[in-house]
Amino acid sequence: MAILEPAGRAPDPGRAGGGQGGQGLCAAELRAPSTAGSGRQGALWREPRRARGALWRLEADRLLPPLPARLLRAGGGRGMDRNPSPPPPRRDEDADEDVAGGDCIGSTVYSRHWLFGVLSGLIQIVSPENTKSSSDDEEQQMELDEEMENEICRVWDMSMDEDVALFLQEFNAPDIFMGVLAKSKCPRLREICVGILGNMACFQEICVSISNDNNLGLLLTCLSQTEVASVWVERIREYPAIYDSICFIMSSSTNVDLLVKVGEVVDKLFDLDEKLMLEWIRNGAVQPQDPPQEDSEEQPVFRIVPCVLEAAKQVRSENPEGLDVYMHILQLLTTVDDGIQAIVQCPDTGKDTWNLLFDLVCHEFCQSDDPPIILQEQKTVLASVYSVLSSIYASQAQQEYLKIEEDLPLIDSLIRVLQNMEHCQKKPENSADSNTEETKKSDLTQDDFHLKILKDISCEFLSNIFQVLTKETVARGLKEGQLSKQKCSCAFQNLLPFYSPVIEDFLKILHEVDKTLADDLEESFPNLKVQT
């Protein structure tokens, strides 16, 4: 199957479509059906882990069950106010003989030769010589020839027939459609191809095939298509079994590549649809009303947060991008009250979440021996981690896992991030560069945007910690170095003026512990008026 880039990134034309060395698809790739039967239906589960004394296995058809109805075609085409008729029967003298000889698809009257002709036309559209045209032809590439649109729409309608869908699958048509999605600039053509793939997924045997780990990229691509993303989300919502399958993979798989792809799917789904995210959050909280029968196997109840945490632990050391994805999933969960409660309501879940994230920021990300520029690589994952930690800290300050002695390492981490941020935002002295001014400005704006998000989150979290500091904690921070004059100055510079009351309260405590340092800081920040 075609290999897709993660959602949100431009697909690599050299990898999509099944071509060799980026040369695109060719007619020869319309291969004959395999006689091996199930040879193409490899199980999704490849590296199972032992759980409860048994070896768990996941069959390929568990991720995406067959959909109940075809994906209806949007009315974006010219003059398409109804579903077009299937291709007409051949009218030549040998029509009956050809049909009897096997030109029809399965038990239908649809012509194999006609369908091959349409697929060949699709290949020509995304062939290298057509995709490498000049910029003058870009507008033309956005349009779809009316005759071709009518023919592709017929395939769209035909694909709701199981015989036709199986025929397309056996002859590698999904790779052709993936090539179109990767290379075509025509929104209507991309929409039709996504619709055909959706119809094909309505059938069990095909669904088994597109549920393997390679084809999670296919699902990501479909979710990234604005025209049809909502349809796919709705189909996924209609099948609660998808939730169980995804949670099972996240909680039990040791296949890092698979976990990253599943994480990207979950991240995209939550980003697209808050309602679906809320349903998945609440799924684990709903207990089955009927007790299981004595001879029935008890089904595990999956909760989304522990599953995400387990997957994050698995990808942590091997795939930084995958860890970034799972941290963003946790951050999305904290954007709703139910999500925060799903983390903190169960003490074990809250403790596991806190411990993992605390360890990341205090012992892995942006350490004292790292160069300041490392912040550019870690800014998005740090923003997610600090955001989740801040939400836990603000909502459950009485939990015993939020130990007072952990405040100082967090202060040290947050101030170090703010110090490195100042370094990253400094303008280079030598502005002469090979890049154009416009390119540099664009890159700088993008960097500034992500750094600003990280700064806002860091400052809010730091202010929350400062509010609960005691005289004893401040004294220990001065002794151990987390609250040196340099670090306090950095904190003040970033927290002022928005968090002035917090800084003023902190200075009152500091006056009792180290009056000299407090006076020095007041002199450096004259706008502060502290009543001692």
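So, how was this worked out
Residues numbered from 1 in each chain as written. Predicted model: local features only at pLDDT ≥ 70, side-chain atom pairs only at ≥ 80, totals over all residues. Heavy atoms only, no water. Helix = DSSP H or I, 4+ residues; strand = E, 2+ residues; numbered from the N terminus. Buried < 20%, exposed > 50% of the residue type's maximum accessible area, 1.4 Å probe, protein only. Contact = heavy atoms within 4.5 Å. Areas by Shrake-Rupley, 256 points an atom, 1.4 Å probe, with all protein chains shown as cover. Disulfide = S-S within 2.5 Å. Core = buried A, V, L, I, M, F, W, Y, C linked by side-chain atoms within 4.5 Å. Phe/Tyr/Trp six-rings, centres within 6.5 Å; stacked < 30°, edge-to-face > 60°. Lys, Arg positive; Asp, Glu negative; His and termini not counted. Salt bridge = Lys/Arg side-chain N within 4 Å of Asp/Glu carboxyl O. Polar contact = N/O pair within 3.5 Å; in protein donor to acceptor, adjacent residues only side chain to side chain. Expected span 1.5 Å × (residues − 1). Axes fitted to C-alpha atoms, helices over the stretch in contact; angles between N-to-C directions. Parallel < 35°, antiparallel > 145°, perpendicular 65-115°, else oblique. Nonpolar A, V, L, I, M, F, W, Y, C, P; charged D, E, K, R; others polar. Left-handed = near helix turned anticlockwise from the far one by under 90°. pLDDT = per-residue confidence, 0-100.

Under the annotation held in an unreviewed UniProt entry, the protein chain carries the name Serum amyloid A like 1 and is attributed to Canis lupus familiaris.

Quick look at the overall build of the protein chain
When helices and strands are tallied, the protein chain shows 25 helices and two strands. The 532 residues of the protein chain split such that 48% are buried. By sequence separation, contacts in the protein chain at least 24 residues apart represent 76% of the contacts at least 6 residues apart. Accessible area for the protein chain stands at about 26600 Å²; split by element, carbon and sulfur atoms hold 47% of it.

Observations concerning the state of the cysteines
Applying the stated rule across the entire model yields zero disulfides. Cysteine 247 takes part in no disulfide bond, and the closest cysteine sulfur, belonging to cysteine 307, lies 4.0 Å away. Exposure remark for cysteine 247: the relative accessible area of 0% places this residue in the buried category. Cysteine cysteine 490 is unpaired, with the sulfur of cysteine 459 as its nearest cysteine sulfur at 8.7 Å. Owing to a relative accessible area of 6%, cysteine 490 belongs among the buried residues under this scheme.

Topic: unusual backbone geometry
Omega for the bond connecting leucine 496 with proline 497 falls within 30 degrees of zero, at 5°, which places this linkage in the cis form. Relative to the helices and strands, proline 497 resides in the loop between α23 (485-495) and α24 (500-513). In the Ramachandran plot, asparagine 172 falls in the positive-phi region, its phi being about 65° despite a non-glycine side chain.

A word on the nonpolar core
Met250, Phe270, Trp280, Ile304, Tyr326, Phe466 and Phe492 are the most contacted members of the largest nonpolar core, which has 146 residues in total. When residues of this core are assigned to their parent elements, the largest contribution, ten residues, is made by helix α19 (residues 374-395). With sequence-adjacent residues up to four places away left out, tryptophan 280 is seen in contact with Ile236, Tyr243, Ile246, Val266, Leu269, Phe270 and Ile304.

Here we look at the packing of aromatic side chains
For the structure shown, the criterion picks out 13 aromatic pairs. Arranged with centres 4.5 Å apart and planes meeting at 40°, the rings of phenylalanine 167 and phenylalanine 171 form a pair that is tilted. Taken individually, phenylalanine 167 and phenylalanine 171 each receive the classification buried, so the pair is uniform in this respect. Each residue in the set Trp354, Phe358, Tyr386, Tyr393 and Phe461 is aromatic and connected to the rest through ring pairs, giving one cluster.

Examining the environment of serine 484
On the secondary structure map, serine 484 appears in the loop between α22 (471-480) and α23. For serine 484, a relative accessible area of 28% puts it in the partly exposed group.

A closer look at the side chain of aspartate 407
Its place among the elements puts aspartate 407 in helix α20 (residues 407-424). Buried charge without a partner: aspartate 407 forms no salt bridge, and the closest opposite charge is arginine 476, 7.6 Å away. Engagement of the side chain of aspartate 407 in a polar contact is seen with the side chain of tyrosine 393, the distance being 3.2 Å. Among residues more than four places away in sequence, those in contact with aspartate 407 are Tyr393, Ile465, Val468 and Leu469.

Examining the pattern of salt bridges
Scanning the model with the defined rule gives 15 salt bridges in all. A salt bridge links aspartate 412 to arginine 416, with the shortest nitrogen-to-oxygen separation between them at 2.9 Å. Here aspartate 412 pairs with arginine 416, and both are found in helix α20, just four residues apart, close to one helical turn. The same class applies to aspartate 412 as to arginine 416, namely buried. Here the residues in one salt-bridge network are Glu234, Arg237, Asp273 and Glu279, joined through shared partners.

Details of the side chain of serine 391
With respect to the helices and strands, the residue serine 391 is situated in helix α19. The exposure class assigned to serine 391 is buried, which follows from its relative accessible area of 18%. Setting aside its immediate chain neighbours within four residues, serine 391 contacts Thr334 and Ile340.

Brief notes about helix α5 (residues 146-158)
Compared with the 18 Å implied by 1.5 Å per residue over 13 residues, the 18 Å span of α5 between its first and last C-alpha is a close match. When we look at burial in α5, the residues that qualify are Met148, Glu149, Ile152, Cys153, Val155, Trp156, Asp157 and Met158. Where α5 begins, the side chain of aspartate 145 points an oxygen toward the backbone nitrogen of glutamate 147, at a separation of 3.1 Å.

As for α20
Taking 1.5 Å as the rise per residue, α20 with 18 residues should run 26 Å; its terminal C-alpha atoms sit 26 Å apart, in good agreement. Along α20, 14 of the 18 residues are buried, which leaves the element largely enclosed by surrounding structure.

Points about the packing of α24 against helix α25 (residues 515-524)
Relative orientation of the contacting elements α24 and α25 amounts to 140°, with a least axis distance of 6 Å. As summarised for this structure, α24 and α25 are arranged oblique, according to the angle between their axes. On α25, the residues that touch Leu507, Leu510, His511 and Val513 of α24 are Lys515, Leu517, Ala518, Asp519, Leu521 and Glu522. Of the residues in the contact of α24 with α25, the class split is six nonpolar, one polar and three charged.

Focus on the packing of helix α15 (residues 304-315) against helix α18 (residues 347-363)
In contact at an axis separation of 10 Å, α15 and α18 are set at 30° when each is read in the N-to-C sense. Between α15 and α18, the angle is such that the two are roughly parallel. Judged by the twist between their axes, the crossing of α15 over α18 is left-handed. Across from Val305, Pro306, Leu309, Ala312 and Lys313 in α15, the residues of α18 making contact are Thr349, Asp352, Thr353 and Leu356. A class-by-class count of the residues in the contact of α15 with α18 yields five nonpolar, two polar and two charged.

Details of the confidence of the model for the protein chain
A residue-level look at the protein chain finds 67% of positions with pLDDT of 70 or above and a mean pLDDT of 76. Ignoring residues within four places in sequence, the model shows residues 1-84, a span with pLDDT below 50, making 191 contacts including any to other chains.

Notes on the environment of isoleucine 340
Here isoleucine 340 is to be found in helix α17 (residues 337-344). Residue classification places isoleucine 340 among the buried residues on the basis of a relative accessible area of 16%. A sequence separation of ten residues divides isoleucine 340 from glycine 350, and the C-alpha atoms of the two residues are 9.5 Å apart. The contacts of isoleucine 340, once residues within four sequence positions are left out, are Leu333, Thr334, Ser391 and Ser395.

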